[in-house]
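Examination of the molecular architecture
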Amino acid sequence: EDQVTQSPEALRLQEGESSSLNCSYTVSGLRGLFWYRQDPGKGPEFLFTLYSAGEEKEKERLKATLTKKESFLHITAPKPEDSATYLCAVHSFVPAGGTSYGKLTFGQGTILTVHP
Amino acid sequence: DTGVSQDPRHKITKRGQNVTFRCDPISEHNRLYWYRQTLGQGPEFLTYFQNEAQLEKSRLLSDRFSAERPKGSFSTLEIQRTEQGDSAMYLCASSSFPGVVNTEAFFGQGTRLTVV
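Throughout this document, residue positions are counted from 1 along each chain, in the order its sequence is written. Labels follow written order: the first chain is A, the first ligand is 1, and so on. Under the rules for a predicted model, residues below a pLDDT of 70 receive no local features and side-chain atom pairs below 80 are neither given nor counted, while totals for whole chains, interfaces and linings still include all residues. Hydrogen atoms and water are omitted, and side-chain values are computed over all heavy atoms in the structure.

A short note on the sheet that holds strand 3 (residues 19-24) of chain B
Residue and element names in this part refer to chain B. To keep it simple, the criterion reads: Two strands are counted as paired when DSSP detects at least two bridges linking them. In this description a helix means any DSSP run of H or I spanning at least four residues, a strand means any run of E spanning at least two, and both kinds are numbered starting from the N terminus. For helices, the axis comes from a line fit to the C-alpha atoms of the stretch in contact; other axes are also lines fit to C-alpha atoms, and the angle between any two N-to-C directions lies between 0 and 180 degrees.
Taking strand neighbours across the sheet as the criterion, the 4 strands line up as 1-3-8-7 in an open arrangement whose pairing is antiparallel. Every other strand in the sheet has two partners, leaving strand 1 (5-7) and strand 7 (65-68) as the edge strands with one partner each. Between one strand axis and the next, the sheet turns by 15° as a mean value, whatever way the strands run. In this sheet, strand 8 (residues 75-79) lies alongside strand 7 in antiparallel orientation, the contact comprising 4 bridges.

Here you go:
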């Protein structure tokens, strides 16, 4: 069974203080790793998809990287508007004869708070 | 707005009552997913449709839960005889059938269910 663990559970930063969020995963075979941002009371907002170890993607102050066991979401010089819960999810291959329909397995999220 | 739309946004119901939620996916997407999210946790997969066919259901989906997608467009999720443990955010997501390995799932704003 796929497992995704995110750390830390909560992170408080000062504006401009760069840091990283971690997503460790265990899957039978990774088809894709996804990062989402979720604001309170709203649905997750798609950020990135990573498909293979060594891949990196960037969007504004965010950069996502992937290894064979974990992914990092690096936040450079964060601003208060970056405060949100960041969710990591995996989509895995299934054993021979099985079918994958794109079901995602999520971690519990990291709550990021950026203080001005 | 061309995103995933969910209705209602909030629902308060008494224990034992039936409730129904609606999801309108992005128009060109033929994959539709329902997830459930409780406070402090990541979304958990409930069920999946490809066009009108329900192809996968989670063990989380008890016999009190039923989902339909009658014409391969909008979907409904019904919970019968609601229990307090059903209180959660119910999220709908959609994606397009891949010509590539993976395509991103886009989420709606969710329906917050409170059972009193």
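So that's the structure; there's more coming.
Here's the deal with the pairing of strand 4 (residues 31-37) of chain B
Residues and elements named next belong to chain B. Quick note on the threshold: Relative accessibility under 20% of the residue-type maximum defines a buried residue, over 50% an exposed one, and the middle range a partly exposed one, all with a 1.4 Å probe and only protein chains included.
Among the 7 residues of strand 4, 7 are classified as buried, and the element is accordingly described as predominantly covered. Residues Arg 31, Tyr 33, Tyr 35 and Gln 37 point to one face of strand 4 and Leu 32, Trp 34 and Arg 36 to the other, with burial holding for every one of them. Here strand 4 runs beside strand 5 (residues 44-50); their pairing, made up of 6 bridges, is antiparallel. When the bridges of strand 5 are listed, Trp 34 appears paired with Thr 47. In textbook terms, the turn of a hairpin is the stretch between consecutive antiparallel strands, and for strand 4 and strand 5 this stretch comprises 6 residues, one of which, Gly 40, has a positive phi near 80°.

What about the nonpolar core?
Our working rule: Within this scheme, the nonpolar core is defined by two criteria: the residues are buried Ala, Val, Leu, Ile, Met, Phe, Trp, Tyr or Cys, and they are joined through side-chain atoms within 4.5 Å.
A:Leu33, A:Trp35, A:Leu73 and A:Tyr86 are the most contacted members of the largest nonpolar core, which totals 23 residues. Within the residue set of this core, elements represented by two or more residues are strand 2 (10-14), strand 3 (19-26), strand 4 (30-38), strand 5 (45-50), strand 7 (62-66), strand 8 (70-75), strand 9 (84-92) and strand 11 (110-115) of chain A. In terms of residue count, the dominant contributor to this core is strand 9 of chain A (4 residues). Formed by 19 residues, the second largest nonpolar core is a distinct cluster that contains B:Leu32, B:Leu61, B:Ile79 and B:Ala88.

Details of the state of the cysteines
Spelled out, the test is: Defined by distance alone, a disulfide is two cysteine sulfur atoms within 2.5 Å.
A full pass over the atoms with the stated rule returns 2 disulfides over all chains. Paired by a disulfide, A:Cys23 and A:Cys88 hold their sulfur atoms 1.9 Å apart. Note on the A:Cys23 and A:Cys88 pair: the S-S dihedral is about -60°, so by sign convention the disulfide is left-handed. With A:Cys23 in strand 3 and A:Cys88 in strand 9, the pair connects residues that are 65 residues apart, well separated along the chain. Judged by its relative accessible area of 0%, A:Cys88 falls in the buried class. Paired by a disulfide, B:Cys23 and B:Cys92 hold their sulfur atoms 1.9 Å apart. Since a negative S-S torsion denotes a left-handed disulfide, the B:Cys23-B:Cys92 link at about -70° is left-handed.

Here we look at unusual backbone geometry
One can expect most non-glycine residues to show negative phi and most peptide bonds to be in trans. The linkage connecting A:Ser7 with the following residue, A:Pro8, adopts the cis geometry, with an omega of -10°. Not every positive phi belongs to a glycine, and A:Glu60 is a case in point at roughly 55°. One can find A:Glu60 in the loop between strand 6 (56-59) and strand 7. One non-glycine residue, B:Asn51, adopts positive backbone phi at about 55°.

Brief notes about the sheet that holds strand 1 (residues 3-7) of chain A
Residue and element names in this part refer to chain A. Spatially, 1-3-8-7-6 is the arrangement adopted by the 5 strands of the open sheet, whose pairing is antiparallel. The open sheet has two free edges, formed respectively by strand 1 and strand 6, since each of these has just one partner strand. Taken over all neighbouring pairs, the strand axes of this sheet differ in orientation by 15° on average, direction set aside. With 5 bridges joining them, strand 7 and strand 8 adopt antiparallel strand pairing. Among the inter-strand pairings, Lys 63 is bridged to a residue of strand 8, identified as His 74.

So, the interface of chain A and chain B
The cut-off we apply is this: Any two residues whose heavy atoms approach within 4.5 Å at even a single point are treated as in contact. When two parts are brought into contact, each loses some accessible area as probed by a 1.4 Å sphere; the total of that loss over both is the buried area. Note on definitions: salt bridges are taken to be side-chain nitrogens of Lys or Arg within 4 Å of carboxyl oxygens of Asp or Glu.
Listed by partner, the interface residues are 23 residues for chain A and 25 residues for chain B. When chain A packs against chain B, close to 1,900 Å² is buried across both sides, 52% of that on carbon and sulfur atoms. On the surface where chain A and chain B come into contact, there are 2 salt bridges. Across the salt bridge formed by B:Glu56 and A:Lys103, the nearest N and O atoms sit 3.5 Å from each other.

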